[in-house]
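# Structure at a glance
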Amino acid sequence: MASRNLVLLGVGHTNAHVVKEWRKNPITDCSLTCISQFSTATYSGMLPGTLGHQYRDDEMQIDLQSLCEQAGARLIIADTNGLDLNSRAVLFADHDSIPFDALSIGVGSVPAGYEACASAKSVVPTKPMQTFSQRWQQRLHDVGDSKNRVSDIVIVGGGVASVEIACCLQQQCRRLNDGQQPALSIFTRGSKLASDMTSRSVKKIERLLMRKGIDVHYGSHVTEIGEGCVVTADGRRHPADAVVWATGAAAAPVLEKLDLRTDERGFIATSNTLQSFSDERIFAVGDAGTIVASPSAKAGVYAVRQCPVLWQNLRAVLDGGPLATFEPQSDFLKLLNTGDGKALLQYGRISVHAGWCWHLKTWIDRRFVSAFQRSSE
C-alpha cells in the first residue's frame, strides 16, 4: 500500500492529463484517486459539432473508468460536500472521507445566471456537458409530443459557444424536421457577439448569422422563462419552445463548500503556480481556479496549457523540486465551428472562414481526445 495519496477532484482537461502522465510515470509510493460526478469526461470543443451530427456522441467522450484502470488509479463516482483542511481530506455525504497529500481541483464551471430560471421545463443549460445531448433530445421529444415540432429555439448568451451552438443546432433541426426549420434566436446582454474576437471576425459572424436566418437580440437580458416564451428585462415576451442556456462561466456550486479562498466571482484564488492561497498542497485548474496576479478568460485552451505546469508542480510538492509558473498567453488560435462544414479561424489579425479551417479544427480536437481514449501501449 502506498503511504501517500494524490487526489483529483473533477477529471476535466487538466486533471485528465495528470492521469495520462501517471500511466507513463507514476509518482513513487503514491496512489492516485480520481473523484467525478460522472463516469465520462466530455471534450467541450466537440460538443457543438456533435449537435450538428458532425461527430458521434462517443467521439467527444473520455471513459474515465478505462482511463483510470490503465493508470492504476481509483475512480470514485460521488458528490463532494467539503474539505477538512486540518486533516487534509475530501468529505462526502455518502462515502468515506479520502485523505490527500496533494489535491487538484478541476470541477469546471456552470453557465452564469442559470439558477434564476432553473425550474423552467423548457431551459437546457449546456452544463453538465456529459448529459447535455440527452437533456436536449428529451426537450425536443417533450415539445414534439405537445405540438408536433419545435417552432422557436432560443440560445441565451453572446459568446463564441452560443454562435457555434446556434449554427450546429440549425443543421441538426434540418435533418430531424425534414427541412422544416424552426426559428433560431440568440439573446445577449451585450452590444455585440463574441466580444473576445476581433472586429473583423465579429463582422464575419454577424454576416454569417444573417445569411443563416439566425436572429440576434442585442442588449436583451433574459430574466425569466415562461410557458413557451422567454422574458427580457424590458418586459417583452419572445416565443421559445426550447431554450439553451449558454452564458459565460460562473463558479460551480461545490466551490462554496470547500472553504478555500476565492476571487470576487467565487472561483478558487491561486498563485501563478496554480496553488491555492489557502493550502499550498491544493491546486485549482481550468475554470475552477483564477490566477489572481494574471486572471484570464474561462476558456478550455488555458486548461489544456496548464497541464504540464500542474503535473510538474504536483510532483514538486510530493517529492521536492522546482515549481513551474503558468503565464497565460494574451492571444491564441481560435476556431469557431459554423455547422456547415466550415469554421472561422482567427489568429492575431488573420480571420478566415473556410472548409479547411473546419478540417484543421477537427484534426486538433480528435487528436486531443484520442490521447485519452487509446489503450495503454
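A brief structural summary. (Residues numbered from 1 in each chain as written. Predicted model: local features only at pLDDT ≥ 70, side-chain atom pairs only at ≥ 80, totals over all residues. Heavy atoms only, no water.)

Here we come to the sheet that holds strand β13 (residues 183-187). Reading across from one edge, β11-β18-β12-β13-β14 is the order of the 5 strands in this open sheet, with parallel pairing throughout. Taken across any chain shown, the strands that pair with only one partner, and hence form the sheet edges, are β11 (123-125) and β14 (215-217). Averaged over all adjacent pairs, the angle separating strand axes in this sheet is 20 degrees, with direction ignored. In terms of strand pairing, β13 meets β14 through 3 bridges, oriented parallel. Bridged to S185 within β14 is D215. (Pairing = 2+ DSSP bridges. Helix = DSSP H or I, 4+ residues; strand = E, 2+ residues; numbered from the N terminus. Axes fitted to C-alpha atoms, helices over the stretch in contact; angles between N-to-C directions.)

Our focus in this paragraph is unusual backbone geometry. Across the junction of K127 and P128, the peptide omega takes the value 5 degrees, indicating a cis bond. Mapped onto the elements, P128 comes out in the loop between β11 and α4 (132-147). Even without being a glycine, H53 presents a positive backbone phi close to 60 degrees. Along the chain, the position of H53 falls in the loop between α2 (47-51) and β4 (61-63). Notably, R88 is not glycine yet its phi reads approximately 50 degrees, a positive angle.

Our focus in this paragraph is a positive patch on the surface. On the surface, a cluster of positive charge is made up of K203, R207, R211 and K342. One can find K342 in the loop between β23 (334-337) and β24 (343-347). (Patch = residues over 30% accessible without salt bridge, like charges linked within 9 Å, V, L, I, M, F, W, Y side chains within 5 Å. Areas by Shrake-Rupley, 256 points an atom, 1.4 Å probe, with all protein chains shown as cover. Salt bridge = Lys/Arg side-chain N within 4 Å of Asp/Glu carboxyl O. Lys, Arg positive; Asp, Glu negative; His and termini not counted. Charge placed at Lys NZ, Arg CZ, Asp CG, Glu CD.)

It is worth spelling out the packing of helix α1 (residues 13-24) against helix α9 (residues 355-373) at this point. Close contact between α1 and α9 brings their axes to 10 Å; oriented N to C, the two are set at 50 degrees. Judged by the inter-axis angle, α1 sits oblique to α9. Once α1 is placed against α9, the crossing between them reads as left-handed. Residue-level inspection shows H13, A16, H17, K20 and R23 of α1 in contact with α9, the latter providing F368, A371 and F372. Taken together, the residues of the contact of α1 with α9 sort by class into 4 nonpolar, 2 polar and 2 charged. (Parallel < 35°, antiparallel > 145°, perpendicular 65-115°, else oblique. Left-handed = near helix turned anticlockwise from the far one by under 90°. Contact = heavy atoms within 4.5 Å. Nonpolar A, V, L, I, M, F, W, Y, C, P; charged D, E, K, R; others polar.)

This part takes up helix α6 (residues 199-212). For α6, built from 14 residues, the straight-helix expectation of 20 Å at 1.5 Å per residue is met to within 8% by its first-to-last C-alpha distance of 20 Å. Along α6, the residues classified as buried are S201, V202, I205, L208, L209 and K212. Down the axis of α6, the buried set is contained in an arc of 125 degrees. They therefore lie on one face. Exposed side chains of α6 directed beyond 90 degrees from the buried face belong to S199, M210 and R211. Two residues or fewer after α6 comes G213, characterised by a positive phi angle close to 80 degrees. (Expected span 1.5 Å × (residues − 1). Buried < 20%, exposed > 50% of the residue type's maximum accessible area, 1.4 Å probe, protein only. Arc of directions from axis to C-beta.)

With that settled, consider the packing of α1 against helix α3 (residues 64-71). How two helices sit against one another is set out by the angle between their axes and by the gap between those axes. The interhelical angle for the contact between α1 and α3, taken along N-to-C directions, is 35 degrees, at an axis separation of 8 Å. Of the residues in α3, those in contact with A16, V19, W22 and R23 of α1 are L67, C68, Q70 and A71. In terms of residue class, the contact of α1 with α3 is built from 6 nonpolar, 1 polar and 1 charged.

Our next topic: the packing of aromatic side chains. Taken as a whole, this structure holds 5 aromatic pairs when the rule is applied. Measuring from ring centre to ring centre gives 6.4 Å for Y55 and W358, while their planes differ by 10 degrees; the resulting arrangement is stacked. One end of the pair, Y55, is in the loop between α2 and β4; the other, W358, is in helix α9, and 303 residues separate them in sequence. Judged by relative accessible area, which is 13%, W358 ranks as buried. Members of the aromatic cluster, connected to one another through ring pairs, are Y43, F368 and F372. (Phe/Tyr/Trp six-rings, centres within 6.5 Å; stacked < 30°, edge-to-face > 60°.)

Position of T80 relative to the elements: it lies in strand β6 (residues 80-84). You can call T80 buried: its relative accessible area is 8%. On a C-alpha basis, the gap between T80 and S36 in space is 8.8 Å, while along the polypeptide they are 44 residues apart. If we ignore the near neighbours within four places in the chain, the residues touching T80 are L9, I35, V90, L91, F92, V254, K257 and L258.

Backbone hydrogen bonds are what pair the strands of a sheet, in a parallel or an antiparallel way. Taken together, the 3 strands give an open sheet; going across it, the order is β23-β24-β25, and neighbouring strands pair in antiparallel fashion. With partners counted over all chains shown, the strands left at the sheet margins are β23 and β25 (350-354), one partner each. Across the sheet, the mean angle separating the axes of adjacent strands is 15 degrees when strand polarity is ignored. As paired elements, β23 and β24 share 4 bridges and run antiparallel to each other. The partner of K334 across the bridge, within β24, is Q346.

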